[in-house]
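Breakdown of the fold
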Amino acid sequence: MVQQSSDQQPNGDDPFQSPEMLELQRKMRRIALRSILVMVVGISSIIGILIYKSVTKKESASEAAAPVGAVTHSLNAGESIREMRIENGTVYLLVDGKGMTSVLEISKKNGSISRRIEFIPQVE
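Residues numbered from 1 in each chain as written. Predicted model: local features only at pLDDT ≥ 70, side-chain atom pairs only at ≥ 80, totals over all residues. Heavy atoms only, no water.

**A few points about the overall build of the protein chain**
- Helix and strand counts for the protein chain come out as 3 helices and 4 strands.
- Listing each helix as α and each strand as β along the protein chain from the N terminus yields α-α-α-β-β-β-β.
- Sequence separation of 24 or more characterises 14% of the internal contacts of the protein chain that already satisfy a separation of 6 or more. (Helix = DSSP H or I, 4+ residues; strand = E, 2+ residues; numbered from the N terminus. Contact = heavy atoms within 4.5 Å.)

**Focus: a nonpolar patch on the surface**
- On the surface, a cluster of nonpolar side chains totalling about 670 Å² of accessible area is made up of Ile36, Met39, Val40, Ile43, Ile47, Ile51 and Val55.
- Secondary-structure assignment places Met39 in helix 1 (residues 19–55). (Patch = residues over 30% accessible without salt bridge, like charges linked within 9 Å, V, L, I, M, F, W, Y side chains within 5 Å. Areas by Shrake-Rupley, 256 points an atom, 1.4 Å probe, with all protein chains shown as cover. Salt bridge = Lys/Arg side-chain N within 4 Å of Asp/Glu carboxyl O.)

**Some details on the environment of Val91**
- For Val91, the position within the fold is in strand 2 (residues 90–97).
- Judged by its relative accessible area of 1%, Val91 is buried.
- C-alpha separation for the pair Val91 and Ile106, spaced 15 residues apart in sequence, amounts to 5.0 Å. (Buried < 20%, exposed > 50% of the residue type's maximum accessible area, 1.4 Å probe, protein only.)

**Details of the side chain of Thr90**
- Among the secondary structure elements, Thr90 is positioned in strand 2.
- Look past the residues within four positions of Thr90 in its chain and what remains in contact with it is Arg85, Glu105 and Ile106.

**Topic: the sheet that holds strand 2**
- Ordered by their spatial adjacency, 4 strands build an open sheet running 1-2-3-4, and the pairing between neighbours is antiparallel. The outermost strands of the open sheet, each flanked by one partner alone, are strand 1 (80–87) and strand 4 (113–119). Within this sheet the neighbouring strands show an average axis-to-axis angle of 20°, counted without direction.
- In terms of strand pairing, strand 1 meets strand 2 through 7 bridges, oriented antiparallel. Within the sheet, the bridge partner assigned to Arg85 lies in strand 2 and is Tyr92. (Pairing = 2+ DSSP bridges. Axes fitted to C-alpha atoms, helices over the stretch in contact; angles between N-to-C directions.)

In structure tokens:
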């Protein structure tokens with residue numbers, strides 16, 4: 001003999017087993033499964049990007065600074081390098097000399113000066 005709980009009706013009509021409730025449960029399961037799949041795809045793409053960035057070739061500071069020595073002979077007499085910055089395969093030199101400051105943009109690939117910008121000091 002099976003004892004029934006007081007929550008269930010004796011005639012077997014369980015409100016959680018109605019067709020509408022079962023359909024709602026199926027919809028909720030599908031929504032939960034889709035959101036989990038979207039989350040897994042998003043997390044795996046982020047992990048993939050991190051792995052790709054870590055595996056791709058990175059330039060070391062010594063490799064990026066290599067062309068600077070080759071272009072120092074193209075500085076004018078009396079000019080000296082105050083600062084050097086390397087960004088995206090381009091070397092930027094801040095050069096002082098003869099009462100003005102210049103910025104040299106040097107291509108890392110061929111080591112040639114691609115642009116020279118001179119700043120003339122303002123008279124106060």
